[in-house]
Amino acid sequence: MDHQSTRGLQQFKNFVGIKFQLYNSLFTSLPFHRIEKTGILLSLLLNNCEEGYKHKLSPTQIIEEFFEKHTIYQKDQDRCDLLFRFIQYVERQVVLFDALEDASFREVQDMNGIGTLKYLESEVIQEGAQDRLAEKLRNFSIRMVLTAHPTQFYPGSVLGIINDLSKALADNNTSQINMYLQQLGKTPFFKKQKPTPYDEAISLVWYLENVFYPAAGRIVSFLKNQFPQAVPDNNPIITMGFWPGGDRDGNPFVTADTTMKVADLLRGSIIKCYYLDVRRLKRRLTFKGIDTILAELEKQLYDNIFIPGQRTALTKQGILGELYKIKEILTYQHNGLFQHLVESLINKIQVFGLHFASLDVRQESTVHNTVLEAIASKEKLLPGNYASLPAAEKIKLLTNISGSANAELYEGVIKDTLQSITAIRNIQEYNGPEGSNRYIISQCNSALNLMEVFGLFLLSGWSKDTLDIDIVPLFETIDDLQGAAEIMESLYKNDVYSQHLKRRNKRQTIMLGFSDGTKDGGYLMANWSIYKAKEELTSVSRNYGIDVVFFDGRGGPPARGGGKTHKFYASMGNNISNEEIQLTIQGQTVSSNFGTVDSAQFNIEQLLNAGISNHLFSAREKTLQQEDEVLLKELADESLKAYIQLKNHPDFLNYLSHISPLKFYSETNIGSRPAKRGSSSKLALKDLRAIPFVGAWSQLKQNVTGYYGVGMALQALDKSGKLPAIKQLYKNSQFFKTLIDNCEMAMKKCFFPLTEYLSNDARYGEIWNMIFHEYELTKKYIFQLSGKSELMFDYPVEQLSIQTRERIVLPLTTIQQYAMTRIRQLEEQQAPAGHKEIFEKLVIRCSFGIINAGRNSA
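In this report, the structure presented in the accompanying data block is examined. (Residues numbered from 1 in each chain as written. Predicted model: local features only at pLDDT ≥ 70, side-chain atom pairs only at ≥ 80, totals over all residues. Heavy atoms only, no water.)

Positive phi, close to 55 degrees, is recorded for Asn335, a residue that is not glycine. With respect to the helices and strands, Asn335 occurs in the loop between α13 (316-333) and α14 (339-352). With phi around 40 degrees, Asn703 is a residue other than glycine that occupies positive phi space. Along the chain, the position of Asn703 falls in the loop between α28 (690-699) and α29 (710-719). (Helix = DSSP H or I, 4+ residues; strand = E, 2+ residues; numbered from the N terminus.)

Before going further, it helps to examine the environment of Gly721. Structurally, the position occupied by Gly721 is in the loop between α29 and α30 (723-732). For the pair Gly721 and Leu184, spaced 537 residues apart in sequence, the C-alpha to C-alpha distance is 57 Å.

A surface patch of nonpolar side chains, amounting to about 290 Å² of accessible area, comprises Tyr302, Phe306 and Ile307. Here Phe306 lies in helix α12 (residues 291-306). (Patch = residues over 30% accessible without salt bridge, like charges linked within 9 Å, V, L, I, M, F, W, Y side chains within 5 Å. Areas by Shrake-Rupley, 256 points an atom, 1.4 Å probe, with all protein chains shown as cover. Salt bridge = Lys/Arg side-chain N within 4 Å of Asp/Glu carboxyl O.)

Turning our eyes to something else, we now look at the pairing of strand β7 (residues 507-513). Within β7, 7 of the 7 residues are buried, which leaves it mostly tucked inside the rest of the structure. Burial of the side chains of β7 extends over both faces: Arg507, Thr509, Met511 and Gly513 are buried on one face and Gln508, Ile510 and Leu512 on the other. Direction of pairing for strand β6 (residues 470-475) relative to β7: parallel, over a ladder of 2 bridges. In the sheet register, Leu474 faces β7, and the bridge partner there is Met511. Bridging between β7 and strand β8 (residues 547-553) involves 7 bridges; their strand directions are parallel. Its bridge partner being in β8, Met511 is matched across the sheet by Phe551. (Buried < 20%, exposed > 50% of the residue type's maximum accessible area, 1.4 Å probe, protein only. Pairing = 2+ DSSP bridges.)

The subject of this paragraph is the layout of surface pockets. Of the volumes computed, that of the second largest pocket is approximately 940 Å³. Together, 32 residues line the second largest pocket, and Arg143, Asn234, Pro236, Glu434 and Glu580 are the ones closest to its centre. Looking at the lining of the second largest pocket element by element, the count peaks at 4 residues for α13. Of the residues assigned to the lining of the second largest pocket, the class counts are 7 nonpolar, 13 polar and 12 charged. (1 Å grid on protein atoms, 1.4 Å probe; cavity = no way out; pocket = protein on both sides within 12 Å on 5 of 7 lines; lining within 4 Å. Points joined across faces, edges and corners; volume = space filled by probe spheres on them. Nonpolar A, V, L, I, M, F, W, Y, C, P; charged D, E, K, R; others polar.)

Turning our attention to the environment of Phe66. With respect to the helices and strands, Phe66 occurs in helix α3 (residues 59-70). Here Phe66 falls in the buried class, since its relative accessible area comes to 0%. Sequence separation between Phe66 and Asn575 is 509 residues; the distance between their C-alpha atoms is 59 Å. Not counting residues up to four positions away in its chain, the partners in contact with Phe66 are Leu41, Leu44, Leu45, Asn48, Thr71, Leu82 and Phe86. (Contact = heavy atoms within 4.5 Å.)

What is shown is where atoms sit, not what they do.
What follows is the structure, given as structure tokens:
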């Protein structure tokens, strides 16, 4: 363990571990109904769980033994009332732990250590790489796209308390801490109704205003101060994207009206941020000649926020023009006094413009075909036999189409699709070109899918010469990833599309989805397929003179492309385009990695450093050699075989349905989007969203999607004498090591004693044993690769954090499995539906604490 890890671990124990014990005791003295007794009984239940699992008891045996030993409750209703109180208590313990981690972030993490910009600065100066840095920063940037994926189980009110509580904890303000804990005790965690897409947008705009706005400002100011010649004004380095209100894939509640409302919200929010900054500037810049400029600017911003009809009278360049005037006066008349404050605001305006974040529009590929077929049958803009034409004929028609479709002739998704394309134009008018300039096609599997969207833009009033929109394919399944390069080559060869790319600076953005790939092909194959797709897409794009930009659809856990994300970017070699780093920041990851300005700054710096230092210092060394790729392909193929064998087990979906809380996911009311595509009541893996799929395994504490197939793949290659070569690969390849590190994180969050009661079950015993055997096999081989005897040994702070969190929620996972068992028993007895209801509510309520404690569980 290095010095920084040792220091960080000690700081974590002091600032999080000890304080958690201390403040946790405050819960027992809160003046609520029987709360003291709840706290004492909960500690007895936790002890029962720990001892019970050591003796191989089932969750049902543990809960029933607890009631017999420590209570006088006999009726289900009374027992469930107490279990609900336990859930509420544990949820609040998790909040306290979250707030403590947030409060101690600066003490535990080395804010100037490896991966930070301060560290990059010393490397650049040491290597004399200032010119190379300037060259890199001409085009390089990172784009973080906030999405409303349903993985955030905290309601906005609780996130607000966490934010305030962490500040009070950092200041050791005991009276405030006590007050916030009391507020927490009375604040509901469960939402009675699903949020609307607009509600989701409001929640994420809070993070834009309070976290990303100051954090991005700090970072860009640091870079410009340290390397004034390296950072160009026309490349903001950091940009934000936004999906709530624009992502309509599988979400019927997102309409064109929602899209416009959200764009308006984003514009109003950024202007409000500028307004507050200008007010602060007025306090300092009280000098003659400047005060009048600031007063006029303040009035313009105020009018735009509060006075209807004033919103078009403002432009990004107009605001910057006034601030440049002020800067000049300060330089020549006031010795540059407070100039840094003006520069800080200029930097933020260059990053956020009047749009704050670019609103992406996303729709599923088959919808566009439906729209075009409807237009062909109702209007004369396409031939009546359009539906039966071959793909090549359709592409020819779509590239030369003229005339405008009339959205009012249609209804439902057809009308909304046409209106959403019109909305993009309106957004650009008010929020600037960056306000909305990408259309993403999910489940994209052909060149026609892209040209359908191209055609729809032409049918909505754009011309080929004025189409200032990036059409972004999203490749997700293993098959789609393998065919991606061929699809893009056929588009690069298409004259019309090639001309379109010329107008877009010869740049093509391609989105790659980690979640569905993992659901489709397992952990190793999904990651390898994306790596290969990136390699092939880079090669084919370079052949046609196109700069390809990869936009990664990453979730929170390793199974959905999360985990140690920055290390993946740092491990990319010369054979993969590194023009920009673009990734989604989803639900839970927003609050856990970017919940405070400190943590956001640290994590944004890690991403920036990964992309910049990889290019400046070591990309050539990181490029995988031919023999490495052969080895990784063999591992991926073997792991796919193992994963498919599990997926094809006749009881695979039944196991998920009846043992995990999967079928209750949509009832948690955490997102506006349905838990599965399509309206069929039958559960099919194809229709199942990746988030509930991964989240269900995580609540079972089996995390299948983060490691299944890795052990069997390593064993197969070991049998053919290739283990020494794999050990060498682990030592030399940061890409492979990061894959294994993430695998360890998923495994660290497993706890098989919770479900070990199924090992001898007549129906589910076989599948449980398959999963458990693979977990043990993977662990055995990981220890051989790493030379360690503990999972996550190299990350002691995270290791301890996970252990503590898993211990806090052990009563919840036990209660949830107890409730699932009771539901199965009642179903077997064909008991009336009402009898199950209380246990179903227990399952749903437990989900909140379990997922929140995991921080990147879904």
